[in-house]
Amino acid sequence: MKHFSLLDLSPVPEGQTVANALANTVSLAKSAEAAGYNRYWLAEHHNMPGIASAATAVLISQVAQATSTMRVGAGGIMLPNHAPLVVAEQFGTLETLFPGRIDLGLGRAPGTDMATARALRRHMAPEDSFPQDVQELISYFGEEATQVRAIPGQGTNVPVWILGSSLYGAQLAAMLGLPYAFASHFAPDMLEEALYIYRNTFRPSATLAEPHAMVAAGVCAAETDAEAQHLRTSQQLAFARLRTGRPGKLPLPVENIEAEVPAQVVAQVNHALGCSATGSRETVKAGLRQIIENFAPDELMVTGMIHDHVARLRSFDIAAEVLKELQGELHSGNEQAI
C-alpha cells in the first residue's frame with residue numbers, strides 16, 4: 001500500500017443544515033491533510049437530502065483553497081450527467097488554480113434516481129457512450145490543439161481515474177491504461193474479480209506504465225468497540241432508509257439498530273457495508289490489515305459517516321494513525337521476505 005486517502009460525501013446530519021455540512025467538509029479536509037492523507041475526494045450525488053456534494057467541482061475548489069499539499073478531487077464525477085467539454089473546463093480550471101493537486105475520477109452511474117437523471121441530462125440517450133466520453137474528455141486535457149479546445153483545460157493533463165463497482169469499469173480502466181478505484185465501501189461483491197481483471201488485462205498507456213488500484217473501505221473508529229459500534233448505527237440507518245426508498249439526513253445514532261430496521265434489511269446493509277473496520281484503535285487496525293492483506297491495494301481510501309463532527313474527526317485521525325503503522329509494518333515485512 002503506497003498511500004491512504006479519504007472519501008467524503010459531505011453528509012448532512014439530522015438537526016443541521018447543508019451549510020453546516022459544507023463547513024464540516026472543509027474542517028475535515030484540514031484535519032485530513034494534517035493527519036497525512038494523500039487524497040481527499042468528494043462524490044457527485046443528486047436529490048439526496050443527506051449529501052451536500054452535488055456541485056462537486058465547486059466543493060473541490062473550496063477544499064483545495066483550505067488546504068495546501070493534499071491532492072483533492074472527484075470520486076467521482078458521474079460523466080453521463082455532463083458534456084465532457086464542460087467537465088474538462090471545470091477541472092482544467094481547478095488544475096490551473098491548484099497546480100499538481102487535482103484528480104478526476106469518472107463514474108458511469110447517474111448518482112441519483114432516474115427522474116433526477118432526466119432533469120440533469122435533459123435528453124436521455126439510449127446508447128452507452130461512456131468509453132467514448134472518457135476518451136473525449138482525456139483528449140481535452142492533452143497538449144495537442146483540436147478544433148474544440150477546453151480553455152482552461154488544454155495542456156493541464158489532469159489525472160483521470162475510472163471508478164466502478166462491477167467488472168465493467170475494471171475492463172475499461174485496463175484497456176485505457178488508467179488508474180482504477182473500486183467502490184467496495186458499499187458494493188464489495190465483485191471486488192476480488194474486478195481487481196484480477198484490471199491487473200491481468202492492463203495495457204500500459206502514456207500516463208500509466210503499470211496498474212494502480214485503489215480499494216475503498218468504511219471506517220468507524222472510537223476509543224472503544226462499543227462506542228464505535230454505536231456511532232456507526234447512523235450510517236447503517238441512513239443506508240437502510242436509502243435502500244427502502246426513504247432517503248434523508250444522516251440520523252442520530254441509536255442504541256439498537258435491529259429495533260429500528262427489519263432484520264433482513266439490517267443483514268443486507270451489513271453485507272453492503274462489509275468492506276469496513278469498526279471499533280477501537282486495535283480493532284480497526286486489525287480490520288484494515290485484513291483488507292490490505294486480502295486485496296493488496298496500491299492505495300486504500302477510507303470513508304465513513306458519523307453524526308457528530310468531532311467524533312468523525314477523531315475517527316479519521318485514528319484511521320490515519322493505524323494506516324501509517326500498517327504501511328511501516330507491511331513495508332518491513334516485504335523487505336524481510338526479499
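Thresholds applied
Residues numbered from 1 in each chain as written. Predicted model: local features only at pLDDT ≥ 70, side-chain atom pairs only at ≥ 80, totals over all residues. Heavy atoms only, no water. Helix = DSSP H or I, 4+ residues; strand = E, 2+ residues; numbered from the N terminus. Buried < 20%, exposed > 50% of the residue type's maximum accessible area, 1.4 Å probe, protein only. Contact = heavy atoms within 4.5 Å. Salt bridge = Lys/Arg side-chain N within 4 Å of Asp/Glu carboxyl O. Polar contact = N/O pair within 3.5 Å; in protein donor to acceptor, adjacent residues only side chain to side chain. Phe/Tyr/Trp six-rings, centres within 6.5 Å; stacked < 30°, edge-to-face > 60°. Lys NZ or Arg CZ within 6 Å of the ring centre and 35° of its normal.

Caption draft 1: Representation of the environment of Ala23 within the structure. Among the structural elements, Ala23 can be located in helix H1 (residues 18-35). As for Ala23 and Ser10, which are separated by 13 residues in sequence, their C-alpha atoms are 9.1 Å apart.

Caption draft 2: Highlighting the environment of Leu28. Topologically, Leu28 is positioned in helix H1. Assessed through its relative accessible area of 1%, Leu28 is described here as buried. Sequence-distant contacts of Leu28, that is, excluding residues within four places in its chain, are made with Leu6, Asp8, Tyr40, His309, Arg312, Leu313 and Phe316.

Caption draft 3: Examining the pattern of salt bridges more closely. As enumerated under the stated definition, the model contains 15 salt bridges in all. Of the charged contacts, one joins Glu14 and Arg241 as a salt bridge, the two residues approaching to 3.1 Å between their closest N and O atoms. Of this pair, Glu14 sits in the loop between strand S1 (3-8) and H1 while Arg241 sits in helix H8 (residues 225-243); the two residues are 227 residues apart in sequence, bridging distant segments of the chain. Note on Glu14: relative accessible area 30%, which makes it partly exposed. Put simply, Arg71 and Asp103 hold a salt bridge, and the shortest N to O gap is 2.8 Å. Here the residue Arg71 occupies a position in strand S3 (residues 71-78), and Asp103 occupies one in strand S4 (residues 102-107), the gap between them amounting to 32 residues. Among the residues examined, Arg71 registers a relative accessible area of 18% and is labelled buried. With relative accessibility at 0%, the residue Asp103 sits in the buried group.

Caption draft 4: Focus on helix H6 (residues 167-176). Among the ten residues that make up H6, seven are buried, leaving the element largely enclosed by the rest of the structure. Among the structural elements, helix H5 (130-141), strand S5 (160-164), strand S6 (180-182) and helix H7 (191-201) are those in contact with the buried residues of H6. Sitting at the head of H6, Ser166 places a side-chain oxygen 3.5 Å from the backbone nitrogen of Tyr168. Gly177 lies just past H6 and shows a positive phi near 70°.

Caption draft 5: Region of the structure containing the packing of aromatic side chains. Summed over all chains, the structure comprises six aromatic pairs. Their ring planes at 85° and their centres at 6.4 Å tell us that Tyr37 and Phe316 sit as a pair that is edge-to-face. Of this pair, Tyr37 sits in the loop between H1 and strand S2 (39-42) while Phe316 sits in helix H11 (residues 309-337); the two residues are 279 residues apart in sequence, bridging distant segments of the chain. When sorted by exposure, Tyr37 lands in the same class as Phe316, which is buried. By way of ring pairs, the aromatic residues Tyr180, Phe182, Tyr198 and Phe202 are connected into one cluster. Above the plane of the ring of Tyr168 lies Arg108, whose end atom (NZ or CZ) is 3.7 Å from the centre.

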